[in-house]
Amino acid sequence: MTPTPDPAIAAALTRHGLDPDSPRGRDKATPTRCPHCRHQVLVGLDSDTAGLTATVDPGPITASDEATALLTGRRTYRLLAYGRRLVIRDRSHWQITAQPPSTHHIVAEHRCRQQLAPPPTPARQEDDSDRPPY
Ligand SMILES: [Zn+2]
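A quick note: this is a predicted structure, and the numbers were derived from the prediction, not measured.

Conventions and cut-offs
- Residues numbered from 1 in each chain as written.
- Predicted model: local features only at pLDDT ≥ 70, side-chain atom pairs only at ≥ 80, totals over all residues.
- Helix = DSSP H or I, 4+ residues; strand = E, 2+ residues; numbered from the N terminus.
- pLDDT = per-residue confidence, 0-100.
- Pairing = 2+ DSSP bridges.
- Axes fitted to C-alpha atoms, helices over the stretch in contact; angles between N-to-C directions.
- Buried ≥ 20, exposed ≤ 12 C-beta atoms within 10 Å, placed from the backbone.
- Arc of directions from axis to C-beta.
- Contact = placed C-beta atoms within 7 Å.

Q: Before we move on, can you summarise the environment of I9 with the specific residues and values?
A: Position of I9 relative to the elements: it lies in helix 1 (residues 7-15). Note: C-alpha distance between I9 and V41 (32 residues apart in sequence) is 8.3 Å.

Q: Can you break down the confidence of the model for the chain residue by residue, with the values?
A: The predicted coordinates of low-pLDDT regions are not to be read in fine detail. Per-residue confidence for the chain gives a mean pLDDT of 82, with 75% of residues at or over 70. At the level of individual helices and strands, the chain shows its lowest average pLDDT in helix 1, which scores 73, and its highest in strand 6 (residues 106-108), which scores 94.

Q: Can you tell me about unusual backbone geometry, naming the residues and giving the values?
A: You will see that R38, though not glycine, has its phi angle at about 65°, which is positive. Here R38 shows up in the loop between strand 1 (30-33) and strand 2 (40-45). A positive phi is found at R113, a non-glycine position, where the angle reads about 60°.

Q: A description of the pairing of strand 4 (residues 76-82) should follow, citing residues and the corresponding values.
A: Looking along a regular strand, one sees side chains alternate from face to face of the sheet. Where strand 4 lies against strand 6, 3 bridges are found, and the strand directions are antiparallel. Each residue of the ladder has a partner; that of R78, found in strand 6, is I106. Note that strand 4 and strand 5 (residues 85-90) share 6 bridges and pair antiparallel. Residue pairing across strands places R78 opposite R89, the latter belonging to strand 5. Counting the residues that bridge the hairpin from strand 4 to strand 5 gives 2 residues, and of these G83 lies at a positive phi of roughly 65°.

Q: Pulling in residues and values, what's your account of the sheet that holds strand 1?
A: The strand order across the open sheet built from 3 strands is 1-2-3, with neighbouring strands paired in antiparallel fashion. Whereas interior strands pair on both sides, the edge strands pair on one side only; in this sheet they are strand 1 and strand 3 (53-56). The mean angle between the axes of side-by-side strands here comes to 30°, regardless of whether they run parallel or antiparallel. Taken together, the 4 bridges between strand 1 and strand 2 define a ladder with antiparallel strand orientation.

Q: Pulling in residues and values, what's your account of the sheet that holds strand 5?
A: Within the open sheet, the 3 strands sit side by side as 5-4-6. Their pairing is antiparallel. A single partner strand is all that each edge strand has here, and the edge strands are strand 5 and strand 6. Adjacent strand axes in the sheet meet at a mean angle of 40° when their direction is disregarded.

Q: I'd love a proper account of helix 2 (residues 63-71), names of residues and values included.
A: If you check which residues of helix 2 are buried, you get D65, E66 and A69. Down the axis of helix 2, the buried side of the element spans an arc of 100°, and every buried residue falls inside it. Facing away from the buried side of helix 2 by more than 90 degrees, the exposed set consists of A63, S64 and L71. Where helix 2 is buried, its residues meet strand 4 and strand 6. Positive backbone phi, at 85°, marks G73, one or two positions downstream of helix 2.

This is how it looks when you write it as structure tokens:
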């Protein structure tokens, strides 16, 4: 099943200079919503060769969150931008040790109603008109 892009996530990614609709690469992460809990998620292959489908919460996690995720059996991934293409990459135990979440955008495998970090929020549009709202 092809995931349906979520406009709020796509807008947040675009704000950060990423193109969620880029046609390049079969392994690009696609912003969508979980079909079970409707939470914002990213879905993509976790490797460019023989990748497995990964569904992750897009919000970056801390080192403490990563420890919690690993201790509860959840995988963690690194979110990378290749140009304007966003990809999900599996983390080995060496990478977990050498590349802490404070230096990279690390995300956790999605589990319904168990988010470790808040999802990205779309930019607020300031109303600079002098007219009252009535
Ligand atoms: Zn879910």
